[in-house]
Amino acid sequence: MFIDTHAHLQDELLNDVENVIKNAKNNNVQKIICSSYDLNSSKSAIKLSERYEGVFATVGVHPENCEDYNDEVEKQLIDLCKNKKVVAIGEIGLDYHYSKQNKELQKDVFVRQILLAEKLDLPIVIHTRDAMGDTLDIVRKYKSHFKKGGIFHCFHGSKEVLDEICGLGFYVSYGGAITFKNANNLREIVAATPVDRILTETDCPYMSPEPFRGTQNQPKNIPIIAQKISEIKNIPLFELEKIMEINTKKIYNI
Ligand SMILES: [Zn+2]
């Protein structure tokens, strides 16, 4: 089976989730991890995971929403994690693309959620945009706290960064961007990624792979991304499918 390790099924752009999940399953995408970005999306992700077989949830506060994070939110996140369908804390991290003014707060909220994941015995899902240096500083500093590991979602770093995070035990997830015509550098990174570290994701409803770039992305597109990885790494698709299934089950414990 294929697995979408990072999809925003709770996004309001997806107006017929039932069909989205059905179409995914028809395309052999049997499991979907619904990724959250604040308290409300975390609650919605859990609701979807309870309603649909094969859907799981992550809970957490995205760096763009770091202003919302406080003790009360943290308490509620801890409560939500009692649900068995919650498989990770995420997406968490640093994003300096739009907001550089609150870097210190972003770092603080990132670290708090790293420690929260440790306390709850869960892996983390890292989002990093225009902030790889600071992200790595934190990951290095807290490396002994990732007992359940983590994932760099939509990875786009250099070969050096790839080597370092793989050395620290992280998994690396790739989405539609690896199919884009101008993404030769990224494809070189995919080629260099150890196969036992690779995961696929859509980041739905964003980042559709070619030839659907610009349209709404959905988990059913995972086989297109997997096919591209299979070509880049020269591994038969059915073999890669099995390897990535094992990788996903290991990191998310599903
Ligand atoms: Zn995302």
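Sequence positions are assigned chain by chain, starting from 1 and proceeding in written order. In keeping with the model being predicted, local features are shown solely for residues with a pLDDT of at least 70 and side-chain atom pairs are shown and tallied solely at 80 or more, while totals for entire chains, interfaces and linings include all residues. To obtain the side-chain values, all non-hydrogen atoms of the structure were used and water was disregarded.

Novice: Just checking my understanding: could you explain unusual backbone geometry for this structure?
Specialist: Generally, phi is negative for residues other than glycine and the peptide bonds are trans, each holding for most cases. The omega torsion across C204 and P205 is 10 degrees, close enough to zero to call that bond cis. Relative to the helices and strands, P205 is located in the loop between β8 (198-200) and α8 (222-233). That bond from E210 to P211 is cis: its omega, 5 degrees, falls within 30 degrees of zero. To qualify as a helix, a DSSP run of H or I must reach at least 4 residues; to qualify as a strand, a run of E must reach at least 2; elements of each kind are numbered from the N terminus. Position of P211 among the secondary structure elements: in the loop between β8 and α8. Even without being glycine, D130 reaches a positive phi, approximately 50 degrees.

Novice: Help me understand the layout of surface pockets, please; the structure alone is not making it clear to me.
Specialist: The gaps of empty space that remain are located by a probe, the size of a water molecule, rolled over the atoms. Definitions used for this entry: grid spacing 1 Å over protein atoms alone; cavity, a set of points where a 1.4 Å probe fits but cannot get out; pocket, an open set with protein on both sides within 12 Å along at least 5 of 7 lines; lining residue, one with an atom within 4 Å of a point. Grid points are joined across faces, edges and corners, and a volume is the space filled by probe spheres set on the points. Its boundaries defined by the atoms lining it, the largest pocket holds a volume of some 660 Å³. Those elements giving two or more residues to the lining of the largest pocket turn out to be β4 (86-95) and β5 (124-129). Broken down by element, the lining of the largest pocket gets its largest block of residues, three residues, from β5. A volume near 210 Å³ is recorded for the second largest pocket. Around the second largest pocket, the lining comprises 14 residues; the ones closest to its centre are D121, P123, I251, Y252 and N253.

Novice: Sorry, what's going on with the environment of Y52 here?
Specialist: With respect to the secondary-structure elements, Y52 resides in the loop between α2 (39-51) and β3 (55-59). Measuring from C-alpha to C-alpha, the distance between Y52 and E18 comes to 8.4 Å, with 34 residues separating the pair along the chain. Pairs of residues are marked as contacts when any of their non-hydrogen atoms sit within 4.5 Å. Apart from residues no more than four positions distant in its own chain, Y52 is found in contact with V17, E18, I21 and K85. A polar contact is formed between the side chain of Y52 and the side chain of E18, at a distance of 3.5 Å. N or O atoms closer than or at 3.5 Å make up a polar contact, with two conditions inside protein: a donor-capable atom paired with an acceptor-capable one, and, for residues adjacent in sequence, both atoms drawn from side chains.

Novice: Sorry, what's going on with the sheet that holds strand β1 (residues 2-7) here?
Specialist: Remark on secondary structure: sheet strands pair via backbone hydrogen bonds, oriented parallel or antiparallel. Any two strands between which DSSP finds at least two bridges are classified as paired. Across the sheet, eight strands lie side by side as β1-β2-β3-β4-β5-β6-β7-β8; this open sheet has parallel pairing. The two strands at the open ends of the sheet, each matched to only one other strand, are β1 and β8. Across the sheet, the mean angle from the axis of one strand to that of its neighbour is 30 degrees, orientation sign disregarded. Pairing of β1 with strand β2 (residues 29-34) involves four bridges; the strand directions are parallel. By the bridge assignment for β2, F2 is matched with V29. To get an axis, a line is fitted to the C-alpha atoms, and for a helix only the part in contact is used. The angle between two axes follows their N-to-C directions and goes from 0 to 180 degrees. Along the sheet, helix α4 (residues 103-120) makes contact with β4 and β5, crossing β4 at roughly 160 degrees.

Novice: Even after reading the chapter, I still don't get the nonpolar core, so can you show me in this structure?
Specialist: Where a protein is soluble and globular, its nonpolar side chains tend to be buried together. For our purposes a nonpolar core is just a set of buried Ala, Val, Leu, Ile, Met, Phe, Trp, Tyr and Cys residues, chained together by side-chain atoms within 4.5 Å. Under the scheme applied here, a residue whose accessible area is under 20% of the maximum for its type counts as buried, over 50% as exposed, and between as partly exposed, the area being computed with a 1.4 Å probe on protein chains only. In this structure, L9, L77, I89, I124, F155, Y174 and I229 are the most contacted members of the largest nonpolar core, which totals 72 residues. Broken down by element, the residue count for this core peaks at six residues, all from α4. Listed in part, the 10 residues of the second largest apolar core include I33, A88, V125 and Y171.

Novice: Hey, could you run me through the pattern of salt bridges in this one?
Specialist: It is possible for side chains of opposite charge to pair when their charged atoms get near one another. What makes a salt bridge here is a side-chain nitrogen of Lys or Arg within 4 Å of a carboxyl oxygen of Asp or Glu, nothing more. Within the structure shown, the criterion is met by 13 salt bridges. Residue K107 pairs with E104 through a salt bridge whose shortest N-O separation is 3.3 Å. Of this pair, K107 and E104 both sit in helix α4, separated by three residues, roughly a single helical turn. Since its relative accessible area comes to 57%, E104 is described here as exposed.

Novice: Is there a simple way to think about the side chain of T128 in this case?
Specialist: Turning to its location among the elements, T128 is positioned in strand β5. In this structure T128 comes out as buried when scored by relative accessible area, which is 7%. A polar atom in the side chain of T128 sits 2.9 Å from the side chain of T135. If near-sequence neighbours (up to four positions away) are discounted, T128 is found in contact with L94, T135, F152 and H156.

Novice: I tried to follow empty space enclosed by the protein on my own but got confused; where do I start?
Specialist: The final tally for this structure, using the stated rule, is two cavities of 30 Å³ or more. Here the largest cavity is characterised by a volume of approximately 40 Å³. If you trace the largest cavity, you find it lined by M1, F2, I3, T200, E241, M244, E245 and T248. Of all the elements in the fold, those that place two or more residues in the lining of the largest cavity are β1 and α9 (237-252). Per-element accounting of the lining of the largest cavity gives the leading share, four residues, to α9. Charged means Asp, Glu, Lys or Arg here, nonpolar means Ala, Val, Leu, Ile, Met, Phe, Trp, Tyr, Cys or Pro, and polar covers whatever is left, Gly included. Of the residues belonging to the lining of the largest cavity, the class tally is four nonpolar, two polar and two charged. As for the second largest cavity, its lining consists of I114, A117, E118, L122, P123, I124, H145, F146 and G149. It is α4 that contributes the most residues to the lining of the second largest cavity, three residues altogether.

Shape descriptors only; they carry no functional weight alone.
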